[in-house]
Protein chains: 2
Amino acid sequence: MRKPRRKAEETREDILRIADALFREKGIAKSSIADIAQELGMSPANVFKHFHSKTVLVDAICDRHINHMIGRFDTLDTPAPPPEKLGIIVRRLMQAHLEDIRENTFFLEMIFLVAKTELESGFHYRRLIEDLFFDLIRDGVEAGVYHCADCRATSRYVAASFASVLHPVFLAHETQAELDERLNGLVALANAALQSPLAK
Amino acid sequence: MRKPRRKAEETREDILRIADALFREKGIAKSSIADIAQELGMSPANVFKHFHSKTVLVDAICDRHINHMIGRFDTLDTPAPPPEKLGIIVRRLMQAHLEDIRENTFFLEMIFLVAKTELESGFHYRRLIEDLFFDLIRDGVEAGVYHCADCRATSRYVAASFASVLHPVFLAHETQAELDERLNGLVALANAALQSPLAK
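Residues numbered from 1 in each chain as written. Chains lettered and ligands numbered in written order. Predicted model: local features only at pLDDT ≥ 70, side-chain atom pairs only at ≥ 80, totals over all residues. Heavy atoms only, no water.

Details of the side chain of A:Ser31
Its location among the elements puts A:Ser31 in the loop between α1 (8–26) and α2 (33–40). The residues touching A:Ser31, leaving out its near neighbours within four places in the chain, are A:Leu22, A:Phe23, A:Lys26 and A:Lys54. (Helix = DSSP H or I, 4+ residues; strand = E, 2+ residues; numbered from the N terminus. Contact = heavy atoms within 4.5 Å.)

Examining the nonpolar core
Ranked by size, the top nonpolar core spans 122 residues in total, and within it A:Leu86, A:Phe162, B:Leu86 and B:Phe162 carry the most contacts. When neighbours within four sequence positions are excluded, B:Leu86 is seen to be in contact with B:Phe133, B:Leu136, B:Tyr146, B:Val158, B:Phe162, B:Val187, B:Ala190, B:Asn191 and B:Leu194. Of all hydrophobic cores here, the second largest spans eight residues; its members include A:Ala163, A:Val169, B:Leu108 and B:Val169. (Core = buried A, V, L, I, M, F, W, Y, C linked by side-chain atoms within 4.5 Å. Buried < 20%, exposed > 50% of the residue type's maximum accessible area, 1.4 Å probe, protein only.)

Quick look at the packing of aromatic side chains
Residue and element names in this part refer to chain A. Inspection of the entire model under this criterion finds three aromatic pairs over all chains. Between Phe-133 and Phe-162 the ring centres are 5.6 Å apart and the planes differ by 15°, which places this aromatic pair in the stacked class. Of this pair, Phe-133 sits in helix α7 (residues 120–142) while Phe-162 sits in the loop between α8 (151–161) and α9 (163–166), and the two are 29 residues apart along the sequence. Judged by relative accessible area, which is 0%, Phe-133 ranks as buried. For the cation-ring pair, Arg-152 lies above Phe-134, with the distance from its terminal atom to the ring centre recorded as 3.8 Å. (Phe/Tyr/Trp six-rings, centres within 6.5 Å; stacked < 30°, edge-to-face > 60°. Lys NZ or Arg CZ within 6 Å of the ring centre and 35° of its normal.)

Quick word on the environment of A:His124
Residue position: A:His124 is located in helix α7. Taking the C-alpha atoms as reference, A:His124 lies 9.4 Å from A:Asn67; in sequence the two are 57 residues apart.

A closer look at the UniProt feature "DNA-binding region" (unreviewed entry) in chain A
Within this structure's numbering, the places UniProt gives as "DNA-binding region" (unreviewed entry) are residues 32–51 of chain A. The distance separating the terminal C-alpha atoms of residues 32–51 of chain A is 12 Å; by composition the span is 75% helix and 0% strand. (UniProt positions renumbered as here; feature names shortened; annotations may be inferred.)

Points about α1(A)
All names here are of chain A. Across its 19 residues, α1 extends 27 Å between first and last C-alpha, which sits within 8% of the 27 Å expected from 1.5 Å per residue. Along α1, the residues classified as buried are Thr-11, Asp-14, Ile-15, Leu-16, Ile-18, Ala-19, Asp-20, Leu-22 and Phe-23. Just downstream of α1 lies Gly-27, where phi reads positive at about 85°. (Expected span 1.5 Å × (residues − 1).)

So, the pattern of salt bridges
Here the idea is simple: oppositely charged side chains can pair when their charged atoms come close. Going through the model one piece at a time under the given rule, you end up with 20 salt bridges over all chains. When the shortest N-O distance is used, the salt bridge between A:Glu174 and B:Arg126 registers 2.6 Å. Separated into two different chains, A:Glu174 in the loop between α10 (168–171) and α11 (176–195) and B:Arg126 in helix α7 (residues 120–142) make up a pair that spans both. The network of salt bridges with shared partners includes A:Arg126, B:Glu174 and B:Arg182. (Salt bridge = Lys/Arg side-chain N within 4 Å of Asp/Glu carboxyl O.)

What to know about the state of the cysteines
Residues and elements named next belong to chain A. The tally for this structure, following the rule as stated, stands at two disulfides over all chains. The disulfide that involves Cys-148 links it to Cys-151, with 2.5 Å between the sulfurs. What sets the handedness of the Cys-148 and Cys-151 disulfide is the S-S torsion sign, and at about 85° it is right-handed. Judged by relative accessible area, which is 15%, Cys-151 ranks as buried. (Disulfide = S-S within 2.5 Å.)

A few points about the packing of helix α4 (residues 54–70) of chain A against α7(A)
When two helices pack together, their arrangement is given by the angle between their axes and by how far apart the axes lie. All names here are of chain A. Contact geometry of α4 with α7 gives a least axis separation of 8 Å together with a crossing angle of 15°. In this view, α4 runs roughly parallel relative to α7, as classed from their interaxial angle. The handedness of the crossing between α4 and α7 comes out as right-handed. Residue-level inspection shows Asp-59, Cys-62, Asp-63, Ile-66, Asn-67, Met-69 and Ile-70 of α4 in contact with α7, the latter providing Glu-120, Ser-121, His-124, Tyr-125, Leu-128 and Ile-129. (Axes fitted to C-alpha atoms, helices over the stretch in contact; angles between N-to-C directions. Parallel < 35°, antiparallel > 145°, perpendicular 65-115°, else oblique. Left-handed = near helix turned anticlockwise from the far one by under 90°.)

With respect to the packing of α11(A) against helix α8 (residues 151–161) of chain B
At a closest axis distance of 9 Å, the pairing of α11(A) and α8(B) adopts a crossing angle of 85°. Here α8(B) runs roughly perpendicular to α11(A), going by the angle between their axes. Across the interface between the two elements, A:Glu181, A:Arg182, A:Gly185, A:Leu186 and A:Leu189 from α11(A) touch B:Arg156, B:Tyr157, B:Val158, B:Ala160 and B:Ser161 from α8(B). Classifying every residue of the contact of α11(A) with α8(B) by side-chain character gives five nonpolar, two polar and three charged. (Nonpolar A, V, L, I, M, F, W, Y, C, P; charged D, E, K, R; others polar.)

Considering the environment of B:Phe106
Residues and elements named next belong to chain B. Mapped onto the fold, Phe-106 is located in the loop between α5 (82–103) and α6 (107–117). A relative accessible area of 1% means that Phe-106 is categorised as buried. A C-alpha to C-alpha distance of 9.6 Å links Phe-106 and Ala-29, two positions 77 residues apart in sequence. Dropping the residues within four chain positions of it, Phe-106 is found in contact with Asp-20, Phe-23, Arg-24, Gly-27, Ile-28, Ile-61 and His-65.

Structure below.
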């Protein structure tokens, strides 16, 4: 009896799962497409059919991590005034990143690759974060607490101002106490700017 | 006639100069202490006497770049009001980083190593930047333009808020127009916060 042909989507998922596990075990640089194919009992050519290069594979894995993380953020309905909510969101995002870094030893290597080649997942992540801030800032403006002329642009700058507590390159070797202090300072800074009628 | 014994400081400088050139040519990962020693016509043991590991060498080179860059920033005396001066300083810092990245192909690799191992040069850089902002913010408070309860802490947060236009990991693949726009937005945000009596 012939083995039933597997769906492309399933094969893709298998490759991502095995690649993720291999990267975790050996790092990205030391894992080859051939290694991944061998673990799956398929030919390297078959893996290449789904992912044209290791970079494309890394991009897809990075995107999986991003979606997994952002998936935990549908709780924006917490009943709190916008300035407080801003702190809650940034704190949750930072903690999610910290967990990811602790769980995945190859995380920094992945981020470095993404930063070096400007992969699609990097853009995707930035858009998700900016949307999160945009919704919050718009709510704040509607509540008369925040002021901004162009809320879309302002949310981009607010998102950017939190880079040093949200980008993994800054999180890897800081203590939790340092990060918490910096986060509180940045939230106070953003709130002071957003609450000021001077904010553009 | 015996060759006069060279001063340790000179040897150290030679090693740094040659290592810098080699890193630029081949990248850090592909340059070994043995390669550097060979270029200098000395034994690897002699190089190790000055730098106990490649990481220590990378740290020293990174520090050289930082000092070189910060050396160009003694022009804080520009006669401009503090909010405008803030923009001038951040713009100059960003341009200096961009030049360094363009000139040194190994820059991102170096930053990645520094971020991964939290080298001394990383701390050194952060202190220099925070001092720069502290001086400016204190001037602004004295001029009655800025308000802050704890200017030392505030300057740390202001410095942190500019990470996405000052840290090389963000600069490598952005267009100049994108960076300029983000920089202007972040400067406006920081100025709105610093000028607001709400700022802590």
